[in-house]
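Each chain is listed here by its residues.
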Amino acid sequence: MYRLAKKLYVKFEWIFSLCFAALSKVLLKSKSHEIFLSYNSSQVHDGFGAQVHRIFSLANTAAKFDFKLEKPEISQIAIHPLDKFQTLPEMKLYISKANLELFLSSNFTSAPKHAKLLCFDSLNFKALIKILIIWRFLRKPIKVICRDAHIVSDFYVNNYSTSLKDYFPHLINLEGRTSVENTIYIHYRQGPGGFSIYPGQKISRELNKSYFLNAAKSILNNTDNPCRVIVFTDAPKEDKKFAPPDNQRQLWEGTPGFADGVLTFLGNNLEGYFNNKLPQDKILGGIVVERNHDPLMMIKAMSKAQYLIISRSSLSYVAALLNPSARVYYPPEFWHPALKNWIKS
């Protein structure tokens, strides 16, 4: 019976979500600002982009339901082979600076000490209904500690431009400012290569290069001016062996090719591929491939792109959310939804 119910829920999840969303509005008639969302980073040790995306999902949910959001803090991120920080002290120094730069808004607040604590792994509509029912019975502030609110936030994905303006006004690009005119930014997220599938995921995050090529060709063929093409990637140009710090080895266990504490990242000559495939008379200065860029700087650069081709990756996805005026190309089979004005492949 349980398995049947679970199958029905998965099949008709969007209908359930719609019903839960409607019920949430009924329960939220007043004083929802007494509910505080708090990012739980204690058990989250994956990539920088993924953690920023989780915090964005909480901000979007808070803004949609008139909740408050406590000032977040990223406590640790997974170290990758091309990162500029390769030791734990270097990583800690990096995230301390990134936290200062990310969370500047005065709209972040703190829950009162007498608030009731509720903890969830991920905030979905069922959890949201539970919170609202408890709040209406207790009539006291509630502090909700959770890792993310992707399910709720993805349901209101087109609300991001409003919610991010509230909490990240220094990052969101509402005026369509471009750092460099006529520039195409491509985020090529490879991982170890070979279209490997991470533990717990169903498809590879790596995309066929033809997706990026076709999107770039479409842009170049429909513009009168030559464009710069900048590629941000985690793919080394040549094969690279990577041994993560001892206390992060568990983050890589189960990844195809990881053995004896070492993982080989396959080389990928993206310069050669795009230079050979794209019309050179339409490109200014050849293809530029950035392999060891600061992740926050990549997000900031892509958030001011005129054209942005994203991967199945939170890093470029959050940059696209911060850049509602950009012409964004959205990849097939990505598990987070596209905004209504994005171009789907």
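Check the entry above for the structure.
Throughout what follows, the structure given in this document is the object of discussion. What you are looking at is a predicted structure, and each value in this text was computed from that prediction instead of being measured.

Notes on unusual backbone geometry
Here phenylalanine 195, not a glycine, exhibits a phi torsion of approximately 55°, which is positive. Topologically, phenylalanine 195 is positioned in the loop between strand E5 (183-188) and helix H8 (209-221). Positive phi, close to 60°, is recorded for glutamate 333, a residue that is not glycine. Structurally, glutamate 333 can be placed in the loop between strand E11 (327-330) and strand E12 (343-344).

A short note on helix H3 (residues 48-65)
For H3, spanning 18 residues, the distance from its first C-alpha to its last is 26 Å, which sits close to the expected 26 Å at 1.5 Å a residue. Here H3 lies mainly inside the structure; 15 of its 18 residues are buried. Aspartate 66 lies just past H3 and shows a positive phi near 60°.

Observations regarding the sheet that holds strand E1 (residues 35-39)
With parallel pairing, the four strands of this open sheet are ordered in space as E2-E1-E4-E3. Of all the strands in the sheet, the pair left with one neighbour each is strand E2 (68-69) and strand E3 (116-122). Of the strand pairs in this sheet, E3 and strand E4 (residues 142-148) are connected by six bridges, and their pairing is parallel. Pairing of cysteine 119 across the sheet is with isoleucine 145, part of E4.

A look at the sheet that holds strand E10 (residues 307-309)
Strand order across the open sheet formed by six strands is E9-E6-E5-E10-E11-E12, with parallel pairing between neighbours. In the strand order of this sheet, the two ends are held by strand E9 (283-290) and E12, each with one partner. Relative to strand E6 (residues 227-233), E5 runs parallel, the two being bridged by six bridges. Looking at E6, one finds that tyrosine 188 is bridged to threonine 233.

A look at the packing of H3 against helix H7 (residues 160-167)
At a minimum axis separation of 9 Å, H3 and H7 run at an interaxial angle of 100°. With respect to their mutual orientation, H3 and H7 come out roughly perpendicular. Contacts between H3 and H7 pair His53, Phe56, Ser57, Ala59, Asn60, Ala62 and Ala63 from the former with Tyr160, Ser163, Leu164, Asp166 and Tyr167 from the latter. Tallied by class, residues from the contact of H3 with H7 come to seven nonpolar, four polar and one charged.

Structural notes on the environment of serine 313
Mapped onto the elements, serine 313 comes out in the loop between E10 and helix H11 (314-321). Judged by relative accessible area, serine 313 falls into the buried class, the value being 6%. With sequence-adjacent residues up to four places away left out, serine 313 is seen in contact with His187, Arg189, Arg205 and Phe334.

Here's the deal with the packing of helix H4 (residues 88-102) against helix H10 (residues 295-302)
The interhelical angle for the contact between H4 and H10, taken along N-to-C directions, is 30°, at an axis separation of 10 Å. With respect to H10, the element H4 is oriented roughly parallel. For the pair H4 and H10, contact is made by Tyr94, Ala98, Glu101 and Leu102 and by Pro295, Leu296, Met297 and Lys300, respectively. Its residues assigned to classes, the contact of H4 with H10 comprises six nonpolar, no polar and two charged.

As for the environment of isoleucine 283
Along the chain, isoleucine 283 falls in strand E9. Once the C-alpha coordinates of isoleucine 283 and isoleucine 184 are considered, the two residues, 99 residues apart in sequence, prove to be 9.8 Å apart. Beyond its immediate sequence surroundings of up to four residues, isoleucine 283 is in contact with Leu220, Pro226, Cys227, Val229 and Leu278.

A word on the nonpolar core
If you look at the biggest cluster of nonpolar residues, it comprises 102 residues, and the most contacted ones within it are Phe48, Phe168, Ile309 and Trp342. Dropping the residues within four chain positions of it, phenylalanine 48 is found in contact with Ile74, Ile77, Tyr94, Ala98, Leu102, Pro295, Leu296 and Ile299.

Overview of the packing of aromatic side chains
Across all of its chains, the model carries 24 aromatic pairs by this definition. Ring centres 5.8 Å apart and planes at 80° place the aromatic pair phenylalanine 65 and tyrosine 156 in the edge-to-face group. With phenylalanine 65 in helix H3 and tyrosine 156 in the loop between helix H6 (150-155) and H7, this residue pair connects regions lying 91 residues apart in the sequence. The exposure class of tyrosine 156 is buried, given its relative accessible area of 12%. Look at tyrosine 188 and phenylalanine 212: their rings are 5.1 Å apart centre to centre, the planes differ by 55°, and that puts the pair in the tilted class. Highlighted residues: tyrosine 188 in strand E5 and phenylalanine 212 in helix H8, separated in sequence by 24 residues. For the pair shown, tyrosine 188 and phenylalanine 212 are each scored as buried. By the ring-pair criterion, three or more aromatic residues cluster together here, those being Phe56, Phe103, Phe108, Tyr167 and Phe168.

Criteria and cut-off values
- Residues numbered from 1 in each chain as written.
- Predicted model: local features only at pLDDT ≥ 70, side-chain atom pairs only at ≥ 80, totals over all residues.
- Heavy atoms only, no water.
- Helix = DSSP H or I, 4+ residues; strand = E, 2+ residues; numbered from the N terminus.
- Expected span 1.5 Å × (residues − 1).
- Buried < 20%, exposed > 50% of the residue type's maximum accessible area, 1.4 Å probe, protein only.
- Pairing = 2+ DSSP bridges.
- Axes fitted to C-alpha atoms, helices over the stretch in contact; angles between N-to-C directions.
- Parallel < 35°, antiparallel > 145°, perpendicular 65-115°, else oblique.
- Contact = heavy atoms within 4.5 Å.
- Nonpolar A, V, L, I, M, F, W, Y, C, P; charged D, E, K, R; others polar.
- Core = buried A, V, L, I, M, F, W, Y, C linked by side-chain atoms within 4.5 Å.
- Phe/Tyr/Trp six-rings, centres within 6.5 Å; stacked < 30°, edge-to-face > 60°.

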